[in-house]
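Here's the letter readout for the chains.
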Amino acid sequence: VIDRLWYKSLESESIYRCRPLKNRLLVDALAGKNRERPPIWLMRQAGRYMPSYQKLRQKYPLRDLFFTPALAAEITQMPIQQLGVDAAILFSDITVIAVALGFTLDFSEGPHITPLLQTAEQVDRLPILNVKEVLAPIGQTVALAAGHEVPLIGFCGGPFTVASYLIEKRTGNDLPLTKRWLYQDPSSFHRLLDKITTVSCDYLRMQVEKGASVIQIFDSWAHVLTDEQFKTVCLPYWTKLLSCVSVPGIVFGRGNCFRVRQIGSCKPSAISVDWSLPIASLREKTPLPLQGNLDPDLLFAPIEIVRKTTQQLLHSMQGDRGFIVNLGHGIKPGTPMDAVRCLVDTVKGL
C-alpha cells in the first residue's frame, strides 16, 4: 500500500511538501482571488459512498482505517484520483482527540467513547496528553497524504460538538444531557471546552506541521444553541482554534446561514454554510469567502437534476471571487458515485 502513496519515506517528507501546489484554486478562493471557475471539494468525500473504500471497509475495522497511516492516506487520496476534486481532506474523525484526553475510543456505527462524562469532577481530572505521541498515526497520515497536486485540508471538531460526544450517546438531535449541563453548570462546561480547545490546537498544529495547507473546524451541532449560547460557547473557541495556526481556516456548522455576521468576528478565511438559504443571498451579509451549499440529498436525484441544480448554483455565484462549491453537509451513505461525478464534472466544466 505504501508504494502507491505520495511518500516513500518520512525522510523525503519535508522536501516533498515544499513543492508548490499545482492546483491552487482552493487557496486562491480562500484569499478572495478566484480568477476562473470556483474550486470544488466535498465534505466526507473520502469514504463510504466509494466502491474502492467499501472494499477496504470489508477487510478492516473503521478504527484500523483511521489509525493505520498507509490506509488512511490511501483513502484520503481516492477522491483526487477518481473524481479530480480540487482539495483532499484528511480521512479521520472529529472524535479522535478524545484519546488525547484519556478516553477510550472505538467505532461501530459511530464513535463509542468511554467513560462518558457525568460530573464536574471528571472534567477536572481529565489529563491533557501529548498529541504528537497519542495521535502520531494521524500525523503520519497527513505526511503521507499531503502532496503537491492539491491542498490537503486538516480538521478538528468544534469544542461544543466534541463535548457532546464526550457527554452522551447519540439517540437523536436534541443533545439533552449536553444542553442540561450547559444550563446547570456553565463553569465546568467551559472548563471542558477549554481542555478540548487546548488539545485541538495541538492537533491542528501537528497537522499543519505535517503538510496540511488549510484547516476546517466542524461544529456540526452548534445549531442546537441559542444565539446567546452560540456567542459564548462557539465563537471564542473558534477564534482560538483559527489563531493557533498560520494557514487559512474554514468554519462549518449547521445553522451558519443565519449567523454569518456573528461568525465574521472570529476572522475565519471562509464560512461553510448549509442549504437553509440561497448562498447568493448571504453575500450581502458578509464579505468573507463562502463555501457550500448544495443539499446532500440532491445527489440521489436523477443525473440531469444534479447537473441543472449545480449549474443554477454556479450561475447565482458567477464572478464571485470568494466562492467554494461544496455540499451543505457530508456525503451520505449510499450516494450514487455517478451523481458525485456529475457534480464535480459540472463545476470543472464551467
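Criteria and cut-off values
Residues numbered from 1 in each chain as written. Predicted model: local features only at pLDDT ≥ 70, side-chain atom pairs only at ≥ 80, totals over all residues. Heavy atoms only, no water. Helix = DSSP H or I, 4+ residues; strand = E, 2+ residues; numbered from the N terminus. Rg over C-alpha atoms; globule rule 2.2 N^0.38 Å. Buried < 20%, exposed > 50% of the residue type's maximum accessible area, 1.4 Å probe, protein only. Axes fitted to C-alpha atoms, helices over the stretch in contact; angles between N-to-C directions. Parallel < 35°, antiparallel > 145°, perpendicular 65-115°, else oblique. Left-handed = near helix turned anticlockwise from the far one by under 90°. Contact = heavy atoms within 4.5 Å. Nonpolar A, V, L, I, M, F, W, Y, C, P; charged D, E, K, R; others polar. Expected span 1.5 Å × (residues − 1). Bend = angle between axes of the 7 residues up to and from the residue. Phe/Tyr/Trp six-rings, centres within 6.5 Å; stacked < 30°, edge-to-face > 60°. 1 Å grid on protein atoms, 1.4 Å probe; cavity = no way out; pocket = protein on both sides within 12 Å on 5 of 7 lines; lining within 4 Å. Points joined across faces, edges and corners; volume = space filled by probe spheres on them. Core = buried A, V, L, I, M, F, W, Y, C linked by side-chain atoms within 4.5 Å. Salt bridge = Lys/Arg side-chain N within 4 Å of Asp/Glu carboxyl O.

Student: Describe the overall build of the protein, with residues and values.
Tutor: Each helix and strand in the protein was counted, giving 17 helices and nine strands. Taken against the 2.2 N^0.38 rule, which gives 20 Å for 350 residues, the C-alpha radius of gyration of the protein at 19 Å falls within 12% of a compact globule. Along the first, second and third principal axes, the C-alpha atoms of the protein reach 55 × 50 × 35 Å. Taken over 350 residues, the protein has a buried fraction of 58%.

Student: An account of the packing of helix α11 (residues 186–210) against helix α13 (residues 235–243) is requested, with residue identities and associated values reported.
Tutor: When two helices pack together, their arrangement is given by the angle between the helix axes and the distance between those axes. Interaxial distance between α11 and α13 falls to 9 Å at its minimum, and their mutual angle equals 20°. Classified by the angle between their axes, α11 and α13 sit roughly parallel to one another. As for the relative orientation of α11 and α13, their crossing is right-handed in sense. For the pair formed by α11 and α13, the contact residues are His 190, Leu 193, Asp 194, Thr 197, Ser 200, Cys 201 and Leu 204 on the first element and Tyr 237, Lys 240 and Leu 241 on the second. Here the contact of α11 with α13 is composed, by residue class, of five nonpolar, three polar and two charged.

Student: Go over helix α5 (residues 69–83), please, and point to the residues and values.
Tutor: The end-to-end C-alpha distance of α5 is 22 Å, a good match for the 21 Å that 15 residues give at a rise of 1.5 Å each. The largest bend along α5 measures about 35° and falls at Gln 77, with the proline Pro 79 one to four residues further on. Within α5, 13 of the 15 residues are buried, which leaves it mostly tucked inside the rest of the structure. At the C-terminal side of α5, Gly 84 shows a positive phi close to 75°.

Student: Break down the packing of aromatic side chains for me, with residues and values.
Tutor: According to the stated counting rule, one finds seven aromatic pairs in the structure shown. Summarising the aromatic geometry, the rings of Phe 66 and Phe 107 are spaced 5.0 Å apart at their centres and angled 65° between planes, so their arrangement reads as edge-to-face. With Phe 66 in helix α4 (residues 62–67) and Phe 107 in strand β2 (residues 104–107), the pair connects residues that are 41 residues apart, well separated along the chain. Side by side, Phe 66 and Phe 107 carry an identical accessibility label, which is buried. Between Phe 155 and Phe 218, the ring centres sit 5.5 Å apart and the planes meet at 80°, which makes this aromatic pair edge-to-face. Highlighted residues: Phe 155 in strand β4 (residues 152–157) and Phe 218 in strand β5 (residues 214–218), separated in sequence by 63 residues. Assessed through its relative accessible area of 12%, Phe 218 is described here as buried. Taken together, the ring pairs connect Tyr 53, Phe 66, Phe 91 and Phe 107 into an aromatic cluster.

Student: Outline the packing of helix α3 (residues 51–59) against α5, listing residues and values.
Tutor: α5 packs onto α3 with a crossing angle of 165° between their chain directions and a minimal axis gap of 10 Å. In terms of their interaxial angle, α3 and α5 are classed as roughly antiparallel. Where α3 crosses over α5, the handedness of that crossing is right-handed. Within the contact between the two elements, α3 uses Ser 52, Tyr 53 and Leu 56 and α5 uses Leu 71, Glu 74, Ile 75, Met 78 and Gln 82. Class assignment of the residues belonging to the contact of α3 with α5 gives a composition of five nonpolar, two polar and one charged.

Student: For the layout of surface pockets, give the residues involved together with the corresponding values.
Tutor: There is about 1,300 Å³ of room inside the largest pocket. As for the largest pocket, its lining consists of 44 residues, and the residues nearest its centre are Arg 44, Arg 48, Asp 93, Pro 111 and Tyr 165. Of all the elements in the fold, those that place two or more residues in the lining of the largest pocket are α3, α4, β3 (111–114) and α9 (159–167). Among the elements that line the lining of the largest pocket, the one with the most residues is β3, at three residues. Grouping the constituent residues of the lining of the largest pocket by class yields 21 nonpolar, 13 polar and ten charged.

Student: Summarise the nonpolar core; cite the residues concerned and give the values.
Tutor: Where a protein is soluble and globular, its nonpolar side chains tend to be buried together. In this structure, Leu 135, Leu 166 and Tyr 203 are the most contacted members of the largest nonpolar core, which totals 123 residues. Considering each element in turn, this core owes the most residues, ten residues, to α11.

Student: Give me the lowdown on the pattern of salt bridges, citing residues and values where you can.
Tutor: Applying the stated rule across the entire model yields twelve salt bridges. Notably, a salt bridge pairs Lys 240 with Asp 194, separated by 3.8 Å at the nearest N-O pair. Here Lys 240 is found in helix α13, whereas its partner Asp 194 is found in helix α11, with 46 residues between them in sequence. Assessed through its relative accessible area of 42%, Lys 240 is described here as partly exposed. With a shortest N-O distance of 3.5 Å, Asp 338 and Arg 341 are connected by a salt bridge.

So yeah, pure geometry; function would need other evidence.
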